[in-house]
Amino acid sequence: MTQTNHAPADTEQRTVSLTIDGRELTVPEGTTIWQAAKEAGIEIPALCHDERYDPVGVCRMCVVDTGGRTFPASCIRPCESGMEVATSTPEVERSRAVLTELLLADQPPREEDPKQTTTADNELIEVADNYDIATIDDLFKGPGRGTDTSNPVIAVDHDSCILCDRCVRACDDVQGNDVIGRSGKGYSTRIAFDLNDPMGESSCVTCGECVSACPTGALTNKPINNIPIRPRSELDAVDTVCPYCGVGCALTYYVDRERGGISFAEGRNQPGNQGRLCVKGRYGWDYAASPQRLTAPLIRVDSSYPKGPLSADVKDEAQQSNGKRGRGRKPGGLVPYEEVLPHFREATWDEALDLVARRLGGIFAESGPEGIAGFGSAKCSNEEAYLFQKLIRTAFRTNNVDHCTRLCHASSVAALFEGVGSGAVSTTYGDITNADVAIITGSNATANHPVASSFFKQARRNGTKIIYVDPRSGTVADHADIFCQLKPGTDVALYNGIMHEVIRLGLVDRDFLASRTTNYEELARTVEAYPPELAAQITGVDADTIREIARLWGEANAGVIYWGMGISQHTTGTDNARCLIAMCSITGNVGRPGTGLHPLRGQNNVQGASDAGLIPMFYPNYQSAGDEKARVLFEEAWGTELNPEKGLTVTEIIKSILDGGVRGMYMLGENPFLSDPNINKVRKALSQLDFLVVQDIFLTETAEFADVILPASSYLEKDGTYTNTDRRVQRGRKVFDPPGDARVDWEIVQEIAQRLGLDWNYRSPQEVFDEMVPLMPDYANLSYDNLGSEGKLYPNPDPEHTDGTVVLFDDRFNTADGLAHLVPAEWLPGKELPSEEYPYVLNTGRLLEHWHTGSMTRRSFALDSIAPRAEAYVHPEDADELGLKDGELARVTSRRGEIVLNVKISHREARGNIFIPFHFREAAANLLTIDEIDPMGKIPEFKFCAVRIAPVADRVSTTVGGSAS
Amino acid sequence: MTLEAHHQAKVPGVEARAGKFRGPSLIPMLMAIQERCGWLPREELEALAREQRRPLYEIEGLISFYPHFRTEPPQGATVGLCHDLACWLKGSEERIAQLRERYGDTGDVEITGISCPGRCDIAPAATVDDRPGRVEEIPALLEARRGGSREPGPTVAYGPEGGWPNDPYERVEHRYGALRALLSGEITPEQVIDNLQRSGLRGMGGAGFPTGRKWELVRTTEGSLKYAICNADESEPGTFKDRQLLAEQAHLVLEGLLMGMVVTGARRGGSSSATSTAPRRPCCTPRSSTCGSWG
Ligand code: SF4
Ligand code: SF4
Ligand code: FES
Ligand code: FES
């Protein structure tokens, strides 16, 4: 059995009785008068108070008469026994009216008010209207306090600010960003960002939470792409889900149908994100409206064969070094359409689809299943992933189908399958509230899972101890009780050291070990050899910290581990994850609220795409492709014979192309050119393919190698379900029609399937979902109807009535014997250690503002304005030693290539380490990375390779960019 | 009707937010930076925030509240002229303009308007590099500064010839008489309260609460630990007394504080002084030590 969401156990609650406006009420002790009145249906006007935040009682709008000497603020005054409250006596009303008048005196006129003229929901104006206060001319107006338009999407009007502190609480208490405070005193006091810096230059991460908190026109959204912001009632509200990360925040787009664009987005309440969003979700949706969208099928022209890369940046060094590159175009940015498009001609859908079917079909006929492979995408819906793998598996009888999960959590999933029999998270990100101790490791959660991280930060403020383990001192470190800055690639040694100490202290959970696990003795024997002193030597973390962590973890009643790609993207990725599983198992920290294992999933639908079978070794729902029973099941369901051989993974497919194996490929929404390790090898492989069809919404680097490019639909243009990191299955809803002749992805897949002779006749994604559910036991009982507006967690025995299962494994694991299998791991050093020639360790990852290869985010006005360029992050002392200056250019070189990019001096790096985000094609970090893979998860080592870095001496003639060596 | 207990019972309010960011007071650390650098350079503030793991905005709140903190490097000497109420009434605005005209272009004297430095007695009050003085004294103070003098200005004594009329003690050795009487049992706490009530003494912080009633309430309240706090924060607009009292008649303040503690049963006492003007600027420490043995 598993645990489902239920209300917290009833605890003995003391109550008080009082009367409000003559009504007798009994409320729990501690309830404020305002709350009690509200629940009794009595509205008391409030300005500084909002139920989302703790009350502060600064505006006095909500005062009531309790018969005392003064009128107390009801939003903050707890009910007392026998209290007699009057909420609206003439005196009280007069006090409120005067207050409103005083506040209004300094406001901008309503026809200029930034809120009243946009969403028209200025709460102060509403109160003023209730008190019939129009314009005020008999009050002295103070000197203006100014405006601040430095943030690309948020406008600040200090004159509209009533210092209600709501934005401060939103920024601190909800998002944990701690940016807004107050500056000055007396009349000139105003809200301030950091050290009273312009908002756009402050540490603000543009999550927009403060905008959603502000009752007046002080903080408002700016229009994006000239689509004006208008009252909600004039716009079309579409409830859907954020297209970016695995947190899967529920949101509402307010759509201006007249102008055909989104006016603004708002967080929506759902048990996970609870209305919160990050900058990508709230402001990053305009990529879909980019004029660069592909709108017609494209076929490569004859003169552009033999195939090869087309744009300067994607070409190799030989072609670059003769001064051709650049050609007046500004360096960097996206694929230059003017360089690539001339190599293609527009075609009709029929022509393009026929060609695809003929060529792929031809290769299959010649080379058999080994000749074909498909890359799907974790950005596509469950239905699309399902159809895509079904196409590859049935039309080409091959299991060569994979997607970018290979590049993120494949090793975690491998370890989880082996250890607990399921690759999904055992508890949700929100369950951290129930944990005493949480380990967050290898995850820059504030950037990569921003909304989940806001719950982590909030949990800490409520008493959860946070242990952050990471070689980079990301913002999570600022919120950690213990920050453990280990040397890169030493995770196994660290956790073995911690487990050694947990065992030595006798803090293991004997009962749990005896009844729920196997192989503990072996594990104990292995970690025996890792006393904290040795672990300290390897990891660079001092032994006392290791001991402290061990004690904290061992003594915790409920401990949970969240991890990211810092664990999985190593050649020892599977071992790293095995250690985390062991950490939880030996202390009994699985299967109860506030305990468990949670690999934070990257893409919005990486969980769902894997669930739906977009992986070479599994059919949908992780039914092994090598397993006879599973194969028969799917052969029956799909009415065709299937290939019993496991397929190849992303990295293996690239290799197979070079070895002459795979000859034809179908890529749906995947851009391996930037996201795969060792770009040079990828370039060679892609040029060598006999036939490549790319289905995408923009020209990508990968599309330069295509024979046919099919214009697909963006997330905003289709219906479908998406499964987030918590196992929450949610419905994404169509906002717009696809532009031009572009079509929705599932239809394109179906067209190709039909042309390859398959008898497919799906009329909607819903039909596909209905076909999937009976084949996927985890998704049992789910349907489009019962997913509702908030989605549902799987497994879910009763989706009509419950949100689903939060905590898995409360009495058995998913393994065949129901036990957790502990697998000990020995520490192995990284594959490419720093040397004299390459003395620095390169780490790669993402920025808050950008997403993967940047094809979406770099086309978003907000995101591109905030983070426009590639930078290498260097510790200040390393920079000093090397003569690197902030903002100047540096050349970073590895054994595989070199790139030139700007230096960013950053206190968040450890000495000897360099961090480069991989979103920027003009300085593609993956020119440098090594394609060594984890033997089990087959995941590349993105987080560790040796490089050197030096200032670019000749600054004038060098542009940002990269090349192979 | 009865409401369900679906929201957590937590003590709401500003109290819950105070101390949101754990850790020691940042003020001494800011003072140390200013002492070391002469002002508060941005890099120093960022490093402080990083080391203390406190948000930058918390620092901004402090440095923008206390005019004492400089966020720009001083250009030679800084002359501050108070622009708060008492001084404004005495024409400080005009004086600032005059000073700007006089020193405006010299480059080594910077003229700024400042908030009340707690010297309304000499309104319009000025400071030269934080040393208070009369406007007429500015040239002399600048001169002294050039000579390297960093002496804080004298505490001005205004006592009338025959002593202050509010002081019941003619001779120093008679001081603390009332407290002695209370401690020896000559008068009882109840009598003290009774006297206070009959005198009609009220608090003048704004609420006008009768002092005798307040002492009585605290005395009869159950509680293991009571605190007596003396607010000497000189914050009523246009008045100037706390500094003078502490400087000239600290024994009365202390006696009152101690008597209050005895009557109410408070075990701990303390005083906050003039923090709204310059943080931690003691003006009475030497004098109050004359009764150290009572503490
Ligand atoms: S946008 Fe977000 S981070 Fe920036 S000030 Fe507002 S709440 Fe804080
Ligand atoms: S946290 Fe992830 S899902 Fe949520 S708004 Fe941000 S990018 Fe979108
Ligand atoms: S709403 Fe209660 S004080 Fe502002
Ligand atoms: S008002 Fe100027 S010194 Fe107090």
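Just so it is clear, the structure is predicted and the values come from calculations on it, not from any experiment.

Asker: Before we go on, may I ask you to explain the overall build of chain A in this structure?
Answerer: Summing up its helical and strand segments, chain A has 32 helices and 39 strands in all. Against the compact-globule benchmark of 30 Å for 965 residues, chain A has a radius of gyration of 29 Å, which places it among compact chains. A burial count over chain A gives 65% of its 965 residues as buried. Of all intrachain contacts in chain A linking residues separated by at least 6 positions in sequence, the fraction that spans at least 24 positions is 74%. Carbon and sulfur atoms make up 48% of the accessible area of chain A, which totals about 33300 Å². In chain A, the 95 positive side-chain charges and the 137 negative ones have mean positions that sit 3 Å from each other.

Asker: I keep staring at the site of ligand 2 and nothing clicks. Help me out?
Answerer: All names here are of chain A. All residues in the neighbourhood of ligand 2 are listed as C242, Y244, C245, V247, G248, C249, L277, C278, K280, G281, P450 and V451. Of all the elements in the fold, those that place two or more residues in the shell around ligand 2 are helix 6 (279-283) and helix 14 (450-461). Classifying every residue of the shell around ligand 2 gives nine nonpolar, two polar and one charged.

Asker: Explain the environment of A816 of chain A to me, please; I cannot follow it from the model alone.
Answerer: When you line up the elements, A816 of chain A lands in the loop between strand 31 (805-807) and strand 32 (820-821). With a relative accessible area of 84%, A816 of chain A lands in the exposed category.

Asker: Hey, could you run me through unusual backbone geometry in this one?
Answerer: Glycine aside, a negative phi is what most residues show, and trans is what most peptide bonds show. Residue and element names in this part refer to chain A. The peptide bond linking Y305 to P306 adopts the cis configuration, its omega dihedral lying at -5°. Here P306 is to be found in the loop between strand 13 (298-300) and helix 7 (317-320). Here Y794 and P795 are connected by a cis peptide whose omega angle stands at -10°. Looking at the element boundaries, P795 is found in the loop between strand 30 (792-793) and strand 31. The backbone of D21 shows a phi angle near 45°, a positive value even though the residue is not glycine. Within the element layout of this structure, D21 appears in the loop between strand 2 (15-20) and strand 3 (23-28).

Asker: Just checking my understanding: could you explain the pattern of salt bridges for this structure?
Answerer: In a structure, side chains of opposite charge can pair up when their charged atoms sit close to one another. Residues and elements named next belong to chain A. Across all of its chains, the model carries 66 salt bridges over all chains by this definition. The salt bridge involving E898 is made with R891; its shortest N-O contact spans 3.0 Å. Residue E898 is classed as partly exposed on the basis of its relative accessible area of 24%. Using a relative accessible area of 29% as the deciding quantity, one classes R891 as partly exposed. Shared partners join several salt bridges into a network, and the residues in it are D350, D354, R743, E747, E751 and R755.

Asker: Before we go on, may I ask you to explain the packing of aromatic side chains in this structure?
Answerer: How two aromatic rings sit relative to each other is given by the distance of their centres and the angle of their planes. For the structure on display, the rule yields 23 aromatic pairs over all chains. An angle of 75° between the planes, with centres 5.9 Å apart, marks the rings of F364 of chain A and F396 of chain A as edge-to-face. A residue pair is termed long-range when its members are at least 10 positions apart, and F364 of chain A in helix 9 (residues 349-367) and F396 of chain A in the loop between helix 10 (382-395) and strand 16 (401-402) qualify at 32 residues. Plain terms: the ring middles of Y66 of chain B and F69 of chain B are 6.2 Å apart, the flat faces sit at 70° to each other, and that makes the pair edge-to-face. Taking the relative accessible area as the measure of exposure, F69 of chain B reaches 5% and is therefore buried.

Asker: Looking at this structure, I do not really get the domain arrangement of chain A. What am I missing?
Answerer: Interface size is commonly expressed as the accessible surface area that is lost when the partners come together. Residues and elements named next belong to chain A. Taken as a whole, chain A is organised into domain 1 (15-88), domain 2 (111-126 + 136-289), domain 3 (298-408 + 606-793), domain 4 (426-599) and domain 5 (840-959). Domain 3 and domain 4 are separated by 36 Å when their C-alpha centres are compared. Contacts between domain 3 and domain 4 engage six residues on the former and nine residues on the latter. Carbon and sulfur atoms make up 44% of the surface buried where domain 3 meets domain 4, a total of about 580 Å² over both sides. Considering only the side of domain 3, the residues that lose the most area to domain 4 are C408, T725 and D726, jointly responsible for 69% of the buried surface there. Connecting domain 3 to domain 4 are three residue pairs in polar contact (both at pLDDT 80 or more). Of the residues in the side of domain 3 that touches domain 4, the class split is three nonpolar, one polar and two charged.

Asker: Quick question: what am I supposed to make of the packing of helix 9 (residues 189-199) of chain B against helix 10 (residues 211-220) of chain B here?
Answerer: The geometry of a pair of packed helices is captured by two quantities: the angle between their axes and the separation between those axes. Residues and elements named next belong to chain B. Where helix 9 contacts helix 10, the two axes come as close as 7 Å, and the packing angle between them is 150°. By the angle between their directions, the pair helix 9 and helix 10 is classed as roughly antiparallel. Within the contact between the two elements, helix 9 uses P189, E190, V192, I193, L196 and Q197 and helix 10 uses T211, G212, R213, W215, E216 and R219. For the contact of helix 9 with helix 10, the per-class residue count stands at five nonpolar, three polar and four charged.

Asker: Looking at this model, I keep getting lost on the environment of C87 of chain B. Mind explaining?
Answerer: Residue and element names in this part refer to chain B. Mapped onto the elements of the fold, C87 is located in helix 5 (residues 85-89). Separated by 107 residues in sequence, C87 and D194 have C-alpha atoms that sit 40 Å apart. Setting aside its immediate chain neighbours within four residues, C87 contacts C82, S92, A123, P124 and A125.

Asker: Sorry if this is basic, but what is going on with the state of the cysteines here?
Answerer: When the sulfur atoms of two cysteines share a covalent bond, that bond is a disulfide. Under the counting rule described, the total for this entry stands at zero disulfides over all chains. Cysteine C584 of chain A shares no disulfide, and the gap to the nearest cysteine sulfur, in C579 of chain A, comes to 12 Å.

Asker: Would you mind showing me how to read the sheet that holds strand 6 (residues 154-157) of chain A here?
Answerer: Paired through their backbone hydrogen bonds, the strands of a sheet run either parallel or antiparallel. Taken in spatial order, the three strands of this open sheet run 5-6-9 (chain A), and their pairing is antiparallel. Edge positions in the open sheet fall to strand 5 (147-148) and strand 9 (219-221) of chain A, since each of these has one partner strand only.

Asker: Is there a simple way to explain the interface of chain A and chain B in this structure?
Answerer: Counting from both sides, the interface comprises 46 residues of chain A and, opposite them, 33 residues of chain B. Summed over both sides, the interface between chain A and chain B buries roughly 3100 Å², with carbon and sulfur atoms accounting for 54% of that surface. Contact with chain B buries surface across chain A, with E39, K185 and L195 of chain A losing the most and accounting together for 23% of the total. Summed over the shared surface of chain A and chain B, the number is one salt bridge. With a closest N to O distance of 2.7 Å, D197 of chain A and R42 of chain B form a salt bridge. Taken together, the links from chain A to chain B amount to eight residue pairs in polar contact (both at pLDDT 80 or more).

Asker: I would appreciate a short explanation of the site of ligand 1 in the present structure.
Answerer: If you check the shell around ligand 1, you find I154, C171, N177, I180, F193, C204, V205, T206, C207, G208, E209 and C210 of chain A and nothing else. By residue class, the composition of the shell around ligand 1 is eight nonpolar, three polar and one charged.

Asker: Sorry, what's going on with the sheet that holds strand 13 of chain A here?
Answerer: All names here are of chain A. Spatially, the seven strands line up as an open sheet ordered 14-13-27-26-25-15-16, and their pairing is mixed. Of all the strands in the sheet, the pair left with one neighbour each is strand 14 (344-346) and strand 16. Sheet topology note: the strand 13/strand 14 ladder contains three bridges and is antiparallel. Across the sheet, L298 pairs through a bridge with E346, a residue of strand 14.

Asker: What's the story with a nonpolar patch on the surface in this structure? I'm lost.
Answerer: Residues and elements named next belong to chain A. Residues V98, L102 and L139 make up a contiguous nonpolar surface patch of roughly 240 Å² in combined accessible area. Summarising the element assignment, V98 is placed in helix 2 (residues 90-105). A residue is classified by how much of its surface remains accessible, and V98, at 43% relative accessible area, is partly exposed.

Asker: Would you mind going over the side chain of D745 of chain A with me for this structure?
Answerer: Residue and element names in this part refer to chain A. The residue D745 is located in helix 28 (residues 745-755) in this model. On the basis of relative accessible area, D745 is assigned to the buried category, the value being 2%. A polar atom in the side chain of D745 sits 3.0 Å from the side chain of S713.

Asker: Looking at this structure, how should I read the confidence of the model for chain A?
Answerer: Segments scoring low in pLDDT should not have their predicted coordinates read at a detailed level. Residues and elements named next belong to chain A. The predicted model of chain A has a mean per-residue pLDDT of 91, with 95% of residues at 70 or higher. Contacts of residues 5-10 to residues separated by more than four positions or lying in other chains number three contacts, the stretch itself having pLDDT below 50. Counting contacts from residues 317-332, a segment whose pLDDT is below 50, to residues more than four positions away or on other chains yields 25 contacts.

What counts as what
- Residue positions within a chain follow its written sequence, with the count starting from 1.
- Think of it this way: whatever chain is written first is A, whatever ligand is written first is 1, and the rest follow in order.
- pLDDT decides what is reported in this predicted model: residues at 70 or higher carry local features, side-chain atom pairs at 80 or more are listed and counted, and totals for whole chains, interfaces and linings draw on all residues regardless.
- The side-chain quantities take in all heavy atoms of the structure and omit both hydrogens and water.
- Secondary structure elements are defined from DSSP: runs of H or I of at least 4 residues count as helices, runs of E of at least 2 residues count as strands, and each element is numbered from the N terminus.
- Our radius of gyration looks at C-alpha atoms and nothing else; its globule reference is 2.2 Å times the residue count to the power 0.38.
- Exposure is judged per residue with a 1.4 Å probe applied to protein chains only, and the accessible area is read against the type maximum: over 50% gives exposed, under 20% gives buried, and values in between give partly exposed.
- The contact definition used throughout considers only heavy atoms, calling two residues in contact when any of these lie within 4.5 Å.
- Note on areas: Shrake-Rupley, 1.4 Å probe, and residue coverage restricted to the protein chains presented here.
- Within this scheme the basic residues Lys and Arg register as positive and the acidic residues Asp and Glu register as negative, but His and the chain ends are omitted.
- Charged side chains are reduced to one point each, which is NZ for Lys, CZ for Arg, CG for Asp and CD for Glu.
- For this description, a residue counts as near a given molecule or strand if any of its non-hydrogen atoms is within 4 Å of it.
- Gly counts as polar in this scheme, as do all residues outside two lists: the nonpolar Ala, Val, Leu, Ile, Met, Phe, Trp, Tyr, Cys and Pro, and the charged Asp, Glu, Lys and Arg.
- Salt bridge, as used here: a side-chain nitrogen of Lys or Arg that lies within 4 Å of a carboxyl oxygen of Asp or Glu.
- Each aromatic pair joins two rings of Phe, Tyr and Trp (for Trp, the six-membered one) with centres within 6.5 Å, and gets the label stacked for planes under 30 degrees apart, edge-to-face for over 60, and tilted for any other angle.
- Note that the domain bounds were set by an automatic or database domain assignment.
- Buried area adds together the accessible area that both of two parts lose upon being put together, with accessible area traced by a 1.4 Å probe.
- Contacts described as polar in this section are N or O atom pairs within 3.5 Å, which, within protein, must combine one atom able to donate a hydrogen with one able to accept it, while residues neighboring in sequence count only if both atoms come from side chains.
- Convention adopted: a line fitted to C-alpha atoms gives each axis, helices being fitted over their contacting stretch, and angles between N-to-C directions are expressed from 0 to 180 degrees.
- Each angle is binned into one of four classes, with values under 35 degrees roughly parallel, values over 145 roughly antiparallel, values of 65 to 115 roughly perpendicular, and all other values oblique.
- Throughout, a disulfide means two cysteine sulfur atoms within 2.5 Å of one another.
- Note: two strands are recorded as paired if DSSP finds a minimum of 2 bridges between them.
- To count toward a patch, a residue needs a relative accessible area above 30% and no salt bridge. Like charges then connect within 9 Å, nonpolar side chains (Val, Leu, Ile, Met, Phe, Trp, Tyr) within 5 Å.
- Scored from 0 to 100, pLDDT reflects the predictor's confidence in each residue.

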